[in-house]
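Reading the structure
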Amino acid sequence: MASDRELEGASGILGFATLPLILLVAAMIVGVAALLPLVQSSGATTTAGDITSLQQERDDMQAKLEEEQLKVAQLGSLSAVRNLAINKLHMVTPDDIRYIHVDAPPPSADSIPPQLAPETQPQAQTSNSLLDDIIGLIP
Amino acid sequence: MTGRKKRWTNATWRVWAVITVLGLGGFAIVARLVQLQILDHARYAEAAREMHINQETIADRRGALLDRNGYPLAASQDAYNLMVETGAWKDPADAMYAANLLSQATGVPSKTMTDIVASVDAYEVPVAKGLTYAQATAVRNLRLTGVRLLDTPVRVYPEGNIASQLMGFIGYDGSGLTGLESDLNTVLGGSSGTLTYERDAAGQELAIGDRSETPAEPGSNVVLTIDRYIQQVAQEELQKAVDAHQASGGSVLVVRPQTGEILAVANYPSFDVTKPDLNDPSKADTYRNRAVTDAYEPGSVFKLITTAAGLDTGTVTPTTPWYDSGEISFGDWTIRNWDLSSHGSMDVQGMLTLSLNTGAAWVAQQCGPDTFYQYVQKFGFGVPTGSGLSGESAGNVRSPDTDPSGWSQVDLATNSFGQGITATPLQMAMALGAIANGGNLMKPMFVKEVDGPSGSQPVAPEVVRQAISPQTSRTLLDMMGVVADNVSRDYLNVPGYTVGAKTGTAQVADGNGGYKATYISSFAGIVPLESPQLAILVKVDEPKDVPWGSAVAAPVFSGISNKVLPYLNIPPSPPKSDGQ
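So, a few notes on the structure that sits alongside this text. Nothing here was measured: the structure is a model prediction, and the numbers come from that model.

What about the overall build of chain A?
Summing up its helical and strand segments, chain A has four helices and zero strands in all. When the accessible surface of chain A is totalled, it reaches about 12600 Å², and 66% of it is carbon and sulfur.

Here it is, written out as structure tokens:
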């Protein structure tokens with residue numbers, strides 16, 4: 001009897017009661033397993049889309065940068081500078097250039113007035129060693 | 001029993017027949033599969049690959065040509081051609097629909113595009129050219145079938161039409177056709193790569209398809225020795241002289257004697273590098289850099305070489321006396337001075353100052369042909385300078401060694417004053433630079449630096465040889481200073497600076513052993529004389545009013561020097577001790 005109950009119990013666990021569960025779990029596993037490639041594919045698609053978008057953004061910025069660089073080059077061209085000098089700043093070519101020869105040596109580097117000279121960093125105080133202090137005490 | 005057996009037999013026969021038919025059918029199918037899958041696998045795999053795999057050749061940006069200070073003279077800008085497959089626009093309604101969308105993106109009228117496609121019997125045709133990056137992006141976003149963008153970058157010239165023959169231009173395929181664009185094509189162009197990807201039915205790249213890319217290598221930027229300002233000044237001054245004297249053309253070279261750097265090379269007539277007309281064959285003559293490719297008889301400027309030979313060998317000094325009878329005869333040939341006069345007792349300085357042909361011939365005779373032609377060779381004549389520019393001419397030097405049967409003593413005489421011998425303006429300018437550079441002949445430099453993906457490669461100046469000693473160089477410079485002092489200030493006027501000069505007025509060879517009644521006016525100048533910073537050669541071809549180099553070419557030198565010396569911060573010469 002006990003043996004029959006055990007068998008019944010066993011069949012209750014492994015038999016009719018558990019078979020749908022097993023099938024359900026198996027179906028879920030299969031379903032999840034089937035979803036995995038889809039998720040991966042979706043992730044890859046999203047990433048690829050992001051990459052393409054970023055590449056496009058990079059190309060856009062690169063193209064704009066190069067266009068700006070060319071504009072800068074054109075604005076700095078001799079013709080643009082000349083046009084600006086003549087038409088906006090009303091500059092004219094001098095009729096005569098005169099050089100004044102100054103019979104004196106060129107100014108030396110230290111001729112800058114002290115108040116205009118660049119500030120120099122104060123040097124860090126260096127403390128003598130104890131030995132130096134003792135030697136310094138010797139008359 | 002017999003009837004059943006008979007039925008069975010009939011049934012068996014039918015079964016076997018069916019089995020046989022099915023078997024044969026199955027075998028045929030298997031055989032066909034073997035053919036498709038195994039025997040012809042490669043062919044069909046390739047066909048399938050072509051249907052959904054796209055392979056493009058990709059090129060990176062072409063390098064820019066920059067002036068010596070980094071200003072771009074020629075640079076590339078992204079541009080695109082809009083290509084349409086004619087088959088995709090067969091249906092007028094479809095074509096008009098697509099054309100309307102493309103018109104909104106590009107600004108090109110839709111009817112223009114449909115007309116182009118309808119009029120061409122080709123697989124594919126460009127319906128719009130030179131689209132900007134923004135326009136191309138708008139087109140790309142439309143994702144239209146049978147429409148693609150062809151990357152065709154254009155060359156832009158921020159400084160406009162400058163140094164056109166030196167720079168040259170590129171063709172429709174982006175390769176250099178002339179000038180440095182051609183000579184440095186591999187440096188500027190870089191190397192192309194490939195992009196392979198899976199595509200959809202519209203030809204667009206699949207987001208999760210296979211993709212492989214061999215990246216293209218960008219071209220290197222080339223920094224030239226040319227200075228944009230000096231170049232423009234040289235071009236303007238040359239054109240001014242050509243227009244004023246109704247000349248047929250000319251060339252100007254501005255050289256840094258210490259390094260051999262070419263700061264400017266101008267030729268006239270020229271072409272507009274910003275829009276070269278390749279369909280006009282008559283313009284082809286203006287494409288070549290004539291300062292490098294065309295040899296001419298330099299005339300009296302060559303007396304500098306003759307004098308250098310005499311001084312360097314110790315044959316003569318500036319004060320060595322000689323007698324000018326006005327002519328020297330060689331057999332049937334008589335050499336006369338340009339003014340057909342005789343000057344009696346003269347010295348070598350006087351020969352150079354008055355540019356006397358008889359004196360130059362006398363100095364060459366004193367040197368002897370071997371020594372004279374040795375110095376001609378030392379100054380780089382008769383061989384290309386090694387500039388690296390294509391089409392460079394070597395000039396023509398006939399000597400007893402190169403033409404023992406044809407050469408005679410009269411050749412020595414005529415060569416001594418620059419006739420019967422040819423040189424390019426570049427050769428003449430480099431020889432002038434050697435005189436200014438303590439006698440060191442430098443190799444001409446047009447490229448200062450190459451900046452590529454692997455870093456910067458500066459080009460070092462190169463000494464070709466010591467043509468004359470530094471002492472001879474100094475003596476000759478002083479003699480040139482005397483020559484310059486004797487040129488009218490109406491023509492040669494560089495206030496504040498001392499100048500060394502030699503003028504030249506050469507007859508133009510007619511190609512049949514004689515000379516035409518036209519001249520080449522030239523001027524070789526060095527400034528400042530006490531510490532030479534610039535060597536300038538000016539050559540004006542066939543002026544109509546006056547032929548003299550002093551009147552025609554010297555003002556070009558003055559015009560360039562007066563603008564360029566302050567620009568380069570070259571200090572004026574100290575005043576002369578006599579108060580001049």
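Quick notes on the sheet that holds strand β9 (residues 211-214) of chain B
Within a beta sheet, neighbouring strands are joined by backbone hydrogen bonds and run either parallel or antiparallel to one another. Residues and elements named next belong to chain B. As summarised here, the arrangement of the three strands in space is β1-β8-β9, forming an open sheet in which the pairing is antiparallel. Strands with a single pairing partner mark the edges of an open sheet, and in this sheet they are β1 (53-58) and β9. The mean angle between the axes of side-by-side strands here comes to 10 degrees, regardless of whether they run parallel or antiparallel. Inspection of the sheet shows strand β8 (residues 193-198) paired to β9 by four bridges, in the antiparallel sense. Across the sheet, threonine 194 pairs through a bridge with threonine 214, a residue of β9. Helix α2 (residues 41-52) contacts β1 and β8 of the sheet and is inclined by roughly 65 degrees relative to β1.

Some words on the pattern of salt bridges
Here the structure, examined in full by the defined rule, presents 27 salt bridges over all chains. The partner of arginine 398 of chain B in a salt bridge is aspartate 411 of chain B, and the shortest N-O contact between them spans 3.1 Å. Note that arginine 398 of chain B is positioned in the loop between α14 (369-378) and α15 (409-416) and aspartate 411 of chain B in helix α15, a separation of 13 residues in sequence. On the accessibility criterion, arginine 398 of chain B (23% relative accessible area) is partly exposed. Members of the salt-bridge network, linked through shared partners, are Glu66 of chain A together with Arg61 and Asp78 of chain B.

A few points about the packing of aromatic side chains
Residues and elements named next belong to chain B. Applying the stated rule across the entire model yields eleven aromatic pairs over all chains. For the pair phenylalanine 271 and tyrosine 287, a centre-to-centre distance of 4.8 Å together with 80 degrees between the ring planes defines the contact as edge-to-face. On the criterion of sequence distance, the pair formed by phenylalanine 271 in the loop between β12 (261-268) and α10 (290-293) and tyrosine 287 in the loop between β12 and α10 is long-range, its members being 16 residues apart. One aromatic cluster in this structure is built from Phe169, Phe271 and Tyr287. In this arrangement the basic side chain of arginine 43 is found over the ring face of tyrosine 44, its NZ or CZ atom lying 4.7 Å from the centre. The cationic tip of arginine 228 hangs over the ring face of tyrosine 71; the distance from NZ or CZ to the ring centre is 3.4 Å.

A few points about the pairing of strand β18 (residues 447-452) of chain B
Residue and element names in this part refer to chain B. By the bridge criterion, four bridges tie strand β10 (residues 221-224) to β18 in an arrangement that is antiparallel. Pairing of leucine 224 across the sheet is with valine 447, part of β18. Where β18 folds back on strand β19 (residues 455-458), the antiparallel hairpin that results is connected by two residues.

Describing the sheet that holds strand β23 (residues 534-541) of chain B
Residue and element names in this part refer to chain B. As summarised here, the arrangement of the five strands in space is β12-β11-β23-β22-β21, forming an open sheet in which the pairing is antiparallel. Looking at the sheet topology across the chains shown, the edges are occupied by β12 and β21 (500-509). Direction aside, the axes of adjacent strands within the sheet are offset by 10 degrees on average. Summarising the sheet, strand β11 (residues 249-256) and β23 pair through seven bridges and their orientation is antiparallel. Within β23, the position partnered with valine 252 by the bridge is valine 538. Its contacts with the sheet place helix α17 (residues 470-485) against β21 and β22 (515-527), and it is angled at close to 75 degrees to β21.

Considering the interface of chain B and chain A
With 27 residues of chain B at the contact, the number on the chain A side is 20 residues. Both faces combined, the contact of chain B with chain A buries some 1900 Å², and carbon together with sulfur accounts for 59% of it. Of all residues in chain B, the largest losses of buried area upon contact with chain A belong to Tyr133, Pro158 and Ile208 of chain B, amounting jointly to 27% of the total for that side. Taken together, the connections running from chain B to chain A amount to two salt bridges.

Analysis parameters
Residues numbered from 1 in each chain as written. Chains lettered and ligands numbered in written order. Predicted model: local features only at pLDDT ≥ 70, side-chain atom pairs only at ≥ 80, totals over all residues. Heavy atoms only, no water. Helix = DSSP H or I, 4+ residues; strand = E, 2+ residues; numbered from the N terminus. Areas by Shrake-Rupley, 256 points an atom, 1.4 Å probe, with all protein chains shown as cover. Pairing = 2+ DSSP bridges. Axes fitted to C-alpha atoms, helices over the stretch in contact; angles between N-to-C directions. Contact = heavy atoms within 4.5 Å. Salt bridge = Lys/Arg side-chain N within 4 Å of Asp/Glu carboxyl O. Buried < 20%, exposed > 50% of the residue type's maximum accessible area, 1.4 Å probe, protein only. Phe/Tyr/Trp six-rings, centres within 6.5 Å; stacked < 30°, edge-to-face > 60°. Lys NZ or Arg CZ within 6 Å of the ring centre and 35° of its normal. Buried area = accessible area lost by both parts, 1.4 Å probe.

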